[in-house]
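Below are the chains, spelled out letter by letter.
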Amino acid sequence: MDDVRLLVAALDAELVAFPAEIEGFGRLVTGPGKLKGAVGLTRALTAQTYDEIVVVGTGGAIDPRLGAAVYEVTAAVQHDVTDIDGIVGQHVSMPARVETRAVDAAPRRVLDEVTIATGDHFVDDAEAVATIRPLGASMVDMETYAYIWVAQEFGVPIRVLKAVSDRAQDDAITDWRTAVTACSAQLWEVFRADYGV
């Protein structure tokens, strides 16, 4: 029996280069942010069993060495939480770091691996970046930590592909709006090559 996978994105704009239907894949657009990401993915995994979750989307590069490319996210931290001692990135009841677990399957393109910092606000200033960089992340977004955590709770392997859309500095939201279509095309190229669709 063929695997059934779930293609996940936070926003429709991130899937604009993808066909509306892809054989062997369900499709889910959760909306932006950790809560929408967690609830949307939980509903999908409660309704149907999937062999793998494949997340595609955009992220801001906070490591200046990252170019305008697609990266494989292998871990996520939260940049907008503190524990009772005020330590940034530590939550009072959630793990400080979650890691992906992809399916061992057909050969895939070798992509540079990154850790992403997830938070419920769009990062667009140097001060925020300076606070986030010590957490060990190279990119920022608003959903990945939640997606990985939910996938772990359900025991479903997850793969996360992120295209750099902006530099998480001044006017980053303008940069994102300009770049999202090109990022979607980059993501589709990697996705199509890796999954043979």
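Everything below is about the structure shown above.
I will try to describe carefully the structure that is included in this document. Bear in mind the structure is a predicted one, so any value in this text is a computation, not a measurement.

**A short note on helix H1 (residues 34-47)**
- A rise of 1.5 Å per residue sets the reference length of H1, with its 14 residues, at 20 Å; its end C-alpha atoms lie 20 Å apart and thus fit the reference within 8%.
- By the burial criterion, the buried members of H1 are Lys-34, Gly-37, Ala-38, Gly-40, Leu-41, Ala-44 and Leu-45.
- On the buried face of H1, the contacting elements are strand S1 (5-9), strand S2 (25-29), strand S3 (52-61), strand S4 (70-78), strand S6 (113-118) and helix H3 (144-154).

**Looking at the layout of surface pockets**
- Taken as a whole, the largest pocket encloses approximately 250 Å³ of empty space.
- Lining the largest pocket are 20 residues; nearest its centre among them are Thr-58, Phe-122, Asp-141, Met-142 and Trp-176.
- Contributing elements (two or more residues each) for the lining of the largest pocket: S3, strand S7 (139-141), strand S8 (158-166) and helix H4 (172-195).
- Grouping the constituent residues of the lining of the largest pocket by class yields ten nonpolar, five polar and five charged.

**Here we look at the packing of H1 against H3**
- Contact geometry for H1 and H3: axes closest at 8 Å, N-to-C directions at 30 degrees. Judged on the interaxial angle alone, H3 and H1 are roughly parallel. As for the relative orientation of H1 and H3, their crossing is right-handed in sense. Between H1 and H3, the residues in contact are Lys-34, Gly-37, Ala-38, Leu-41, Thr-42, Leu-45 and Thr-46 and Ala-146, Tyr-147, Val-150, Ala-151 and Phe-154, respectively.
- When its residues are assigned to classes, the contact of H1 with H3 shows eight nonpolar, three polar and one charged.

Rules used throughout
Residues numbered from 1 in each chain as written. Predicted model: local features only at pLDDT ≥ 70, side-chain atom pairs only at ≥ 80, totals over all residues. Heavy atoms only, no water. Helix = DSSP H or I, 4+ residues; strand = E, 2+ residues; numbered from the N terminus. Expected span 1.5 Å × (residues − 1). Buried < 20%, exposed > 50% of the residue type's maximum accessible area, 1.4 Å probe, protein only. Contact = heavy atoms within 4.5 Å. 1 Å grid on protein atoms, 1.4 Å probe; cavity = no way out; pocket = protein on both sides within 12 Å on 5 of 7 lines; lining within 4 Å. Points joined across faces, edges and corners; volume = space filled by probe spheres on them. Nonpolar A, V, L, I, M, F, W, Y, C, P; charged D, E, K, R; others polar. Axes fitted to C-alpha atoms, helices over the stretch in contact; angles between N-to-C directions. Parallel < 35°, antiparallel > 145°, perpendicular 65-115°, else oblique. Left-handed = near helix turned anticlockwise from the far one by under 90°.

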